[in-house]
Structure formats: structure tokens, C-alpha cells
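Structural characterization, general
So you can see what is in the structure, the chains are spelled out below.
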Amino acid sequence: MSKAAENTYLIEDWTDYDKSSLYDLSTKYYSERACDSFLNQADTIVLRNVVTSAYVHAHILAKFLAANISRIPANKKLRVLEFGSGSGLFARHFLLAAAELNYLDRLEFLVSDISDLFLIQMKERGVFEGFIEGKHYQLVNLNLLDLDSAKTVTGEHINLNDLDLVVSNYVLNALPMIPVRLATDGSFEKLQVKITGPELPKEVDLVSNLNFFSSLKIEERWVNYDIESVSDIEKKYFEIFKKHLNTLAPAMAGRFSYNALEAMDKIHSKLSEFGMFYLADIPSWGPNAFKFYSFYTNALANLISENLVIDFASSLEMKVLKQKDQNLFRILFYKSENAFEPLKTSFNKDLVFSNKVNLFKKITDLLKNIDEAVLLDVYKTLLDKLLALDNKSVTSLVFQGDYYYLAGDSKTALDFYQKAQAIDFCNHHPDLDSKIKMIFI
């Protein structure tokens, strides 16, 4: 690294995008900040995490598994693996939903992350309070591209075969990807980046300076992409990517997410007879159509082309159910044709015909804007609809507390606020302290 200009450092000269230091820095940020990556001060991350960690979202996926239970031998554990469990909230809510759907005692939920620190913090913060480790859930250190190396936090190997459901919420986007386009002469070109910034990464505390990535200047250029000299994984998936590239507009680059495809391939080999893989990630359409990546504080997220992963799943003879909106795209891949009707019914009911996750978000947005007692009846109507979707999360407890505070019942409001604070593991509601203090004033 060298000084490129006054107050500007050359952090990295021209490098293939998928090999750039952005990945190492992003991994370092997550590894050091762990569960605190989802604290409310990092609003851009929290907003996405809240969508996928909401109880209503976990309950929908728990119902997908319930749709297949009658087809799974009664003496078999229901094995669920979550890729990159992050804050642990989705896992907690899935366990709560499994209890509500009466199959908790058959469930083995594998809570995974590449960092032991994430897993240890989840447990220390009480995220899994009320559930039994080794019975209802396991904490698993996992490399997405090497599922056979999975081990518990105590170092014991764990077998990931015969999985009934694998869940990936905003995780595959962290894997290296290379944008590739077709040149006018029929050859292929890849994206390279040059990175400069006001500080050298080695002099920056990525945990406290959450704006480091946004301070970087990233230049781009296109160079020849020689398929004969690339990695074996790129060669393995290039033909299916090339077919996808041919469906795009002339000169438009495709996102060659070869590592995501490799992860999917490995997942497919681990699924049970009626196994499913659920993928939720950043939508790559609309305002994101011509983007390759985004920053969320000091975390890098690649955009994944939905059609590429769908085409790949089809090549594995997996069936597909899909839904997308402005918040994220959701794809459910499954192996067995016999599982189609119950899954289709559940998927369409909760995500297509009436998207309960988006409805949850719309209701909470409306409730946040009601702060006058004269609108108490409106608040109660909305609150009842919210509780029909979610009566277990921190968010639902806070809004119940707000209702009673607005109604003048401070004692009941305090009870709800304190219950919410006890399970606000990721500080999604930092205003709880002030709400509680206001009652005592």
C-alpha cells in the first residue's frame, strides 16, 4: 500500500473483483463485531436483518417444514440448518414456531456461523433461553463451501447429511463473485477494481469506524477473462453461467456467483428425500439491476442474479417456488415432486397471495406514526392485526407497551417494556430504556 495523493492512500491496485481486499476486510469486520453487527446503530444492516429475523418470517418457514412432516418417517429427527445465523434471532423464532406447531421435540436446529464468536455470543446473551442445547439446537462452526468440515464449538465433528430444510438469509451474498460480460469480439471480460481511501485498513478499527467502506473510492475497469486460467470452481459452473449471460441484454454484465452455486450444489447433496433449501437475499432487479455489490457499514454484500440460481437448481432437477418484492427475493428449492402441492399451498398463502412478512412491516410502520390518544381505536385495530401475525417478538411486546402507555395504563405498559427489554438481544429497540425511565419520572 502506498500514498497515492495528498490525504489519499492506494489501498489496492487493479485486482480482480472477486479477489479484492474488500472480502477480507468484510470478513474481518464480521468476525470482530460478531452479533453486534446487527445492533441498531448499524441501521442499514438492521433494516434487512429485521425482515428476515422477524417471528412471522420464521413461522412461515416452520410451516413449510410442517407441510412435509407426514411424509417423513416418524422416528426421524427433523434436521434444519441455518447458514450464517448472525444474531440468532431467526433460529430463536423458528424454535418458538416449532413449539407452536407441535414438533419442537422432533427438531434438531443447527445454528451455524463461520465464527465461534458469533455462536458463543448468541448463547451468552440468552438467545436460546428456554431451549435445550443438544436436544433442540446445536451450535455449529461451518464453512459454506466445506460442509463436511462442520464441527461444534467444542471441536466435535458433526454430520450434516439428511437435512430436511436449509435456510440462507442474506448469507450467500457474502461469497466472492465476479462480474463477467461478453465483449464485442465474442470473448469474455471480467471486472477489476482499484481501491483508494483516506486511511489504510491496518490503521482503522472497523468495529468503531462504521463508515470506512463508504469513504473508499473504487474505480472499475474491464479486462480479458480467460476461462482456461480460472479456478476449477469457475470452470465447473461457467457453462450454466454462459447460458444465463446469453439471456441478458447485449453488453450487460452478469454476476457470476460461482461460489454461491458451489454452496447450493453441496447443499443439494446433503438434503433428505423431501429436503428443501430456502434462499432469501437482496433483490437484483429495479434500482439494483445494474449494480454488482453494496456496502452495509463495513460489510460487503454481492447481488445475486435470481435467474442464475433458479437455472442452476433446475439443472439439479430441483423444483422451484419464488416470490420477490422491494425488500428481498425468496426462492424455495425442493427435491421431491410429491412435496409440491402442500408446499405450493403454504408458500402461496403466506408469501404470494398475502405476503405476511411485508404486511408485518407495513403495520409496524403505521403504528410508529400514531402518538395521540385520540387515535387509540385505530392503534388497537392495527395492533390486533399485528398480534395475529406475531405475538412473541420484541417488536410485538414494544407495540403492546406503547398501546397501554397511550391509553394511560403505565403499569401494564411497563410490564410489556420490561418483557421486551429482557429479549432484545440485538438492541433493535434502543429507546426501551427511555420508555421505561419516562414511566418512573
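Residues numbered from 1 in each chain as written. Predicted model: local features only at pLDDT ≥ 70, side-chain atom pairs only at ≥ 80, totals over all residues. Heavy atoms only, no water.

Some words on the sheet that holds strand S6 (residues 146–152)
Reading across the sheet, the eight strands line up as S6-S5-S4-S3-S7-S12-S16-S15 and stay open at both edges, with mixed pairing between neighbours. Of all the strands in the sheet, the pair left with one neighbour each is S6 and strand S15 (319–324). If you compare each strand with its neighbour and ignore which way they point, the axes differ by 20° on average. Direction of pairing for strand S5 (residues 137–143) relative to S6: antiparallel, over a ladder of three bridges. Its bridge partner lying in S6, Val140 is registered against Thr152. Contacting strand S12 (271–281), S15 and strand S16 (329–334), helix H9 (residues 340–352) runs over the sheet at an angle of about 5° to S15. (Pairing = 2+ DSSP bridges. Helix = DSSP H or I, 4+ residues; strand = E, 2+ residues; numbered from the N terminus. Axes fitted to C-alpha atoms, helices over the stretch in contact; angles between N-to-C directions. Contact = heavy atoms within 4.5 Å.)

Here we look at the side chain of Gln323
Note on placement: Gln323 falls in strand S15. Under the relative-accessibility criterion, Gln323 is labelled buried at 13%. Within polar-contact distance, the side chain of Gln323 engages the side chain of Asp325 at 3.1 Å. Within the structure, Gln323 has its side chain in polar contact with the side chain of Arg330 (distance 2.5 Å). Those residues in contact with Gln323 that sit more than four places away from it in its chain are Leu328, Phe329, Arg330, Phe347, Leu351, Val352 and Asn355. (Buried < 20%, exposed > 50% of the residue type's maximum accessible area, 1.4 Å probe, protein only. Polar contact = N/O pair within 3.5 Å; in protein donor to acceptor, adjacent residues only side chain to side chain.)

Notes on the pattern of salt bridges
What the rule picks out here adds up to 23 salt bridges. The salt bridge partner of Lys236 is Glu262, with a shortest N-O separation of 3.1 Å. Taken as a pair, Lys236 in helix H6 (residues 232–245) and Glu262 in helix H7 (residues 258–270) lie far apart in primary sequence, 26 residues in all. When its relative accessible area of 48% is taken as the criterion, Lys236 is described as partly exposed. Among the ionic contacts, a cluster of salt bridges with common partners joins Lys236, Glu262, Asp265 and Lys266. (Salt bridge = Lys/Arg side-chain N within 4 Å of Asp/Glu carboxyl O.)

Brief notes about the nonpolar core
Buried together is how nonpolar side chains tend to be arranged in soluble globular proteins. Phe64, Phe94, Tyr103, Leu107, Phe109, Val111 and Phe128 are the most contacted members of the largest nonpolar core, which totals 79 residues. Per-element tally for this core: the top contributor is helix H3 (residues 55–68), with nine residues. When neighbours within four sequence positions are excluded, Phe128 is seen to be in contact with Gly88, Ala91, Arg92, Leu95, Val111, Met122, Tyr137 and Leu139. Counting residues in hydrophobic clusters, the runner-up holds 67 residues, among them Leu147, Leu271, Phe277 and Val309. (Core = buried A, V, L, I, M, F, W, Y, C linked by side-chain atoms within 4.5 Å.)

Comments concerning the side chain of Asn298
If you trace the backbone, Asn298 turns up in the loop between strand S13 (293–296) and strand S14 (299–302). Look at Asn298 and you get buried, because its relative accessible area is 0%. Within the structure, Asn298 has its side chain in polar contact with the backbone oxygen of Leu206 (distance 2.9 Å). From its side chain, Asn298 meets the backbone oxygen of Asn209 in a polar contact 2.7 Å long. Once you skip the residues sitting within four places of it in the chain, Asn298 turns out to touch Leu25, Ser26, Tyr29, Leu206, Asn209, Leu210, Asn211, Phe212 and Phe213.

Don't take any of this as a statement about function, it's just geometry.
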